[in-house]
Amino acid sequence: MKLIKYSVNYINEVNHLPSEEITVNITKVHFKNKAINKTHIFNLIKKSLKSLLIPNTLERKAILIAYLQGVQPEKIKRNLVNLKKPKARMEEVGVIDGVTYINDTTATIPEATKFALENIGSDKKIVLIMGGGDKRLLYDDLAETIKRSSVKSIVLLPGEATKKIKASLVGVFGDQLPAMIQAKTMEGAVRAAQKEAQSGEIVLLSPAATSFGLFKHEFDREKKYLEAINKIRARK
């Protein structure tokens, strides 16, 4: 399907761009400054986007390019239904003692973690595992989202991005910081999160940073997360 084709190709090409505005400007050049009624297309499929659990900015870029390539709004809406949620994206991987463990290891940018927190909502408390390698991203907006969310504790993985995350959290929270725990390994992070979380709450791995340094890649990070959860389960 056209949308799937353009989603994959376009996201792979431009997901490093810092904002949707740049993407829109680039496409306007290609289409001779033609007015883009993107508000209509985004509103039309907003509910479908939420069900995909894909960071909104990336999905909007994919939709925009499909629209500019001539795919009609109703066809985009129909095709969205056939898109599957990516593996390791807001994936529930277990419930232990009433605590739900969610794997969002593919959230390697702040926007992805923001989306995860906004999707969970405020009805359940969250213990957030985050941090890792830096790729020159900013974290102030994510810190604001964390402040508005139901995050009660943050377990930090080691890495250069973690230093920036901590600085942004201090800047936003001031002296009202949530509990923050520094872990050295994924197993240590999951053990710390287990101690913090109560029945009915969520442990969310959504790093907002790269895996390099502590892990081979994000799926090695996922593997270590699942192994740590299984060790907790085995002790029950």
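Here, every reference points to the structure presented above.
Presented here is a report on the structure given in the accompanying data block. Note that the structure is predicted; figures quoted are calculated from it, not measured.

Definitions and cut-offs
- Residues numbered from 1 in each chain as written.
- Predicted model: local features only at pLDDT ≥ 70, side-chain atom pairs only at ≥ 80, totals over all residues.
- Heavy atoms only, no water.
- Buried < 20%, exposed > 50% of the residue type's maximum accessible area, 1.4 Å probe, protein only.
- Helix = DSSP H or I, 4+ residues; strand = E, 2+ residues; numbered from the N terminus.
- Pairing = 2+ DSSP bridges.
- Salt bridge = Lys/Arg side-chain N within 4 Å of Asp/Glu carboxyl O.
- Contact = heavy atoms within 4.5 Å.
- Core = buried A, V, L, I, M, F, W, Y, C linked by side-chain atoms within 4.5 Å.
- Expected span 1.5 Å × (residues − 1).
- Arc of directions from axis to C-beta.

**Quick word on the pairing of strand β6 (residues 202-205)**
In regular strands, side chains alternate between the two faces of the sheet.
Moving on, step 1. Residues Ile 202 and Leu 204 of β6 are buried on one face, and the alternating residues Val 203 and Leu 205, pointing to the opposite face, are buried as well.
Moving on, step 2. Alignment of strand β2 (residues 99-103) against β6, held across four bridges, turns out to be parallel. When the bridges of β6 are listed, Tyr 101 appears paired with Val 203.
Moving on, step 3. Note that strand β3 (residues 126-130) and β6 share four bridges and pair parallel. When the bridges of β6 are listed, Val 127 appears paired with Val 203.

**A word on the pattern of salt bridges**
Moving on, step 1. Applying the stated criterion to the full structure yields six salt bridges.
Moving on, step 2. A salt bridge links Glu 187 to Arg 191, with the shortest nitrogen-to-oxygen separation between them at 3.3 Å. Residue Glu 187 and its partner Arg 191 are located together in helix α10 (residues 186-196), separated by four residues, close to a single helical turn.
Moving on, step 3. A salt bridge links Lys 231 to Glu 187; its shortest N-O distance comes to 3.1 Å. With Lys 231 in helix α11 (residues 218-234) and Glu 187 in helix α10, the pair connects residues that are 44 residues apart, well separated along the chain.
Moving on, step 4. The partly exposed category is assigned to Lys 231, whose relative accessible area is 40%.
Moving on, step 5. Among the ionic contacts, a cluster of salt bridges with common partners joins Glu 187, Arg 191 and Lys 231.

**A word on the pairing of strand β1 (residues 91-96)**
Moving on, step 1. Where β1 lies against β2, five bridges are found, and the strand directions are antiparallel. Among the inter-strand pairings, Gly 94 is bridged to a residue of β2, identified as Tyr 101.
Moving on, step 2. Here β1 folds back onto β2, and the loop between the two strands holds two residues, one of which, Asp 97, carries a positive phi near 55 degrees.

**Thoughts on the environment of Val 155**
Moving on, step 1. Along the chain, the position of Val 155 falls in strand β4 (residues 151-156).
Moving on, step 2. Between the alpha carbons of Val 155 and Val 203 there is a distance of 9.9 Å; along the sequence they are 48 residues apart.
Moving on, step 3. Not counting residues within four places of it along the chain, the set of residues in contact with Val 155 comprises Val 127, Leu 128, Ile 129, Met 130, Ile 181, Ala 183, Ala 189, Ala 192 and Ala 193.

**Overview of the nonpolar core**
One broad trend across soluble globular proteins is that nonpolar side chains are buried collectively.
Moving on, step 1. Counting residues in each nonpolar core, the largest one holds 24 residues, and the members touching the most others are Ile 126, Met 130, Ile 146 and Leu 204.
Moving on, step 2. When residues of this core are traced back to their parent elements, those giving at least two are α7 (110-120), β3, α8 (140-148), β4, α9 (160-173) and β6.
Moving on, step 3. The element contributing the most residues to this core is α9, with five residues.
Moving on, step 4. With sequence-adjacent residues up to four places away left out, Leu 204 is seen in contact with Met 90, Ile 102, Asp 104, Ala 116, Leu 117, Ile 120, Ile 126, Val 127, Leu 128 and Ile 129.
Moving on, step 5. Ranked by size, the runner-up nonpolar core spans 21 residues in total, among them Ile 96, Tyr 101, Ala 183 and Ala 228.

**Points about α9**
Owing to its 3.6 residues per turn, the α-helix aligns residues three or four sequence positions apart on the same side.
Moving on, step 1. Relative to the 20 Å expected for 14 residues at 1.5 Å per residue, α9 spans 20 Å between its end C-alpha atoms, a close match to the ideal helical length.
Moving on, step 2. All of the buried residues in α9 are Ala 161, Thr 162, Ile 165, Ser 168, Leu 169, Val 172 and Phe 173. Taken end-on, α9 shows its buried residues confined to a sector of 125 degrees, consistent with a single buried face. Turned more than 90 degrees from where α9 packs its buried face, Lys 163 and Gly 171 sit exposed.
Moving on, step 3. Structurally, α9 contributes buried residues whose contacts are with β3, α8, β4 and β5 (179-182).
Moving on, step 4. Two residues or fewer after α9 comes Gly 174, characterised by a positive phi angle close to 65 degrees.

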